[in-house]
Every structure is written in C-alpha cells, then in structure tokens.
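# Residue-level structure breakdown
Residue strings, one per chain:
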Amino acid sequence: MLLRTMITTPILLFGGIVMCIKQSPKLSLILVVVVPIIAVIAVYSMKKSHPWFKKQQKQVDLLNQILREKLSGIRVVRAFVRQDYEEKRYDKANKDMVTIAIRGHLYMTAMMPLVSILVVFGGFMSLDQGLQESWTVIFCVIGGVVLALGIAGFFLIEESAVKSEENSHYFSNIFYGFRPSVIRDNKPFYLTLIAVGIYGIAFQIFMPYLIIYMMQYMHFNTIEYSIVFGGAIVAGAIINVFLGRYSDTKNKAKLLYVAAAIMSVGLFGMYFAKGMSHVANLILFGIAGFVMITGYIFVTALCGSMVRDHTPEGAVGKLQGVRMVFSVLIPMIVGPMIGNAINKAAGNLLENPGADAMTTSYIPAPEIFLVGAIATLLIFLVIPFLTKTKKENSAE
C-alpha cells in the first residue's frame, strides 16, 4: 500500500499539472500563486500541531497508567476510602488531554477555511470562468493541490506502524453495515447516521447553487461575496472552537437541538435577506450566512463525535461503507435534486449560463434556503429516539 502510494501520487501530480497547462496556460498560473501559499500554510499548521499531538499521546499513556493503578490497587483504594480522590485525579488528566487535543486540532481546523477561501475566492474568481474548459482546469488544479499536500504530509507527519490482520472476507465486509442484525444491535449508530444524512441533504439543497445565487439573484460582485462569506466561514470556525469545548462535557444528542436550530435560523435569515438596499442585503445575508455556517459546523462536529462514540469496537473498517452512503452518497444525490427542482419551479432562466450551466440552467430561487431550513429541522424527529436508545443502553 505504501509503495503504491509513493509511486502513483507523484505521477498523478505531474499529470495534473500537465493537463492544467494543456487546457489553459492562463488558468495554470493559479498553481504558481496558490500552491506555494497553501504549502506554507500547511507546513506551518503541521509544525504547530505536531507537538500537541505528541503531548496528546503522552497524556493518553498517563490516563491508561492511572486506570491500571486504580484497577490493580482497587482494594487499597476502597480500604482507605480514596474513591473520590482517584476520580478527581482521573478527571483532571482527562480534561488536560481534551485541552491538548483541542489545541492540536485547532491549527489543522483553522487551515481548512483559509485554504478554501484562498483557492475558491482568491484564485479562481479572479480569472475567466465563462469558458467551459476553465472549470476542467479548476478541478485539475484542486486535484493537484490535494496531491501536493498529500505528498507533503507523507514526509512531515510521523505515523506509528499499525499491524493488521489480512482481510480474508473482503466482499462480506463491504455489506456488513447493511445487515439487519447489525442495524438492530447498533441502533444509536444508525440513528446518528440518519441525522448525518438529514443535515447533509439540507446543506446540499442550497450549497451547489450558493455562489450563483449571490451573483445572479443578489447581484453581489466577486469581492463582495468573497469577503462576506469568507468572513462567515472563518468566524463560524472560530466560534465552534469554543462550542466544541462546551459540548465535550454535555449530552451531545440534546445539543443537536441547539446546533440544528442555529443552522435552521441562519437559513431562514438567508431566505429573508432580500428586497432591501444592496448594502442591507449584503450585511444581512452575511450575518445569516455566519449563523448558518456556525450551526452547520456544530452539527457536523456533534454527529461526527456521536458516530465515533457509537461505532462498535472491532467494526470501524467494516462500517465505513455505510457511513459513506449516509454522509456522501445520499446527500450528494438527493440534496441537489431537490434544489434543482425548486429552481426549475421558479422558472427564472439564466440569460448567459456559460459555466454555470454545469450546475443549473436557472437562477437559484430563495426558496432553496427555506426548504433547507425545514429539512434541517427534521433532525428534531431523530433526537428523541437517540436519547431513548442511549437511556436503554445505560440501563442495560
């Protein structure tokens, strides 16, 4: 596996660069400007986060040591009535590990929106997008950047060797997550996946049409929507650093009510941010976008944490397929279909679709945000079952 990655990744990177230059030398200039900046950001984030990940591993060792001491000396602890002291000792070590983990992931998480803004808004939007081949080059550039970062991470990130048994039941493992018996024995896991699918569909109802909506319906220029929505993404990511710390000590299933409500309120705000002056529309749409992004990242973090909590031990790899179905396949198919149907029902055709015709032939309607908000609230129907199954499992 390692040898295959080392051989194929440079070939794909070189091929992507060649394809970019072949399709459009002008758009290929993005590589010269964007890739070095992204590389600097990536290397800086890796160097800053790596020491914290090392500390996290040491803290995990400390937690295991405390737990072993408690188990081996349980009679002594009970004899001298030291249960409260040992619990506080373990709780302190656990909280220290959470703080260290958050610090480490903070650098990696902050890099994502910055890179997205740089590539999407800072690079592509400044060049000609009216040509069909321009978008082919854009996707080639994205692939090249991802591969370049993968190669950099291969040499910069230290990874301990993991021994794994040979997989002799490949095809049966693919369908493992769809077995009725597995679903029946892991209800919280699958209920969480349903919540993932719901908010994924809600997000994909409007997200593929968002930039076209801002340009064609709201009449924002590139700089305006780049600043407004770029700022919303960064601010939402920063807010979720603090929300993540808060959620670590709370009931995540119940917090989904709050997260889904925040995302839905933001979408309702994006729907109503229209019909006013240009400046007012810009400000209100940006604020609503910030609220939506905050809620979306919060929901994503909570659901991701709950999926990990409810994944049965020894079956992580076997359940990756069903996770991809609910988190990627279903939302990426159903969401855009609903959004396109809404736009088609509005009937406002794009005058000069150009490259936008790859996404839609219609001007996106504000109703995509309204339907997205309502779809997000459907998570409320799943949360009671999540809390109920959690109580049942605790009682058992």
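How each quantity is defined
Residues numbered from 1 in each chain as written. Predicted model: local features only at pLDDT ≥ 70, side-chain atom pairs only at ≥ 80, totals over all residues. Heavy atoms only, no water. Helix = DSSP H or I, 4+ residues; strand = E, 2+ residues; numbered from the N terminus. Contact = heavy atoms within 4.5 Å. Buried < 20%, exposed > 50% of the residue type's maximum accessible area, 1.4 Å probe, protein only. Polar contact = N/O pair within 3.5 Å; in protein donor to acceptor, adjacent residues only side chain to side chain. pLDDT = per-residue confidence, 0-100. Axes fitted to C-alpha atoms, helices over the stretch in contact; angles between N-to-C directions. Parallel < 35°, antiparallel > 145°, perpendicular 65-115°, else oblique. Left-handed = near helix turned anticlockwise from the far one by under 90°. Nonpolar A, V, L, I, M, F, W, Y, C, P; charged D, E, K, R; others polar.

### Observations regarding the environment of Phe285
Position of Phe285 relative to the elements: it lies in helix H12 (residues 278-310). Taking the C-alpha atoms as reference points, Phe285 and Tyr225, separated by 60 residues in sequence, lie 9.5 Å from one another. Each residue touching Phe285, except ones within four places of it in the same chain, is listed here: Leu210, Tyr213, Met214, Met218, Phe220, Phe229, Met270, Ala273 and Phe369.

### Side note on the side chain of Asn281
Tracing the backbone through its elements, the reader meets Asn281 in helix H12. The class for Asn281 is buried, based on a relative accessible area of 8%. Reaching out from Asn281, the side chain makes a polar contact with the backbone oxygen of Met276 at a distance of 3.2 Å. In this view, Asn281 contacts Met218, Phe220, Ala273, Lys274, Gly275 and Met276; residues no more than four positions away in its chain are not counted.

### Here's the deal with the confidence of the model for the protein
Across the protein, the average pLDDT comes to 76, with 66% of residues at 70 or higher. When the elements of the protein are averaged for pLDDT, helix H1 (residues 2-23) gives the smallest value, 61, and helix H14 (residues 367-377) the largest, 95.

### Things to note about the packing of helix H8 (residues 187-206) against helix H13 (residues 320-346)
Interaxial distance between H8 and H13 falls to 7 Å at its minimum, and their mutual angle equals 30°. Taken together, the axis directions place H8 and H13 in an arrangement best described as roughly parallel. Crossing of H8 against H13: the hand is right-handed. By residue class, the composition of the contact of H8 with H13 is 16 nonpolar, 6 polar and 1 charged.

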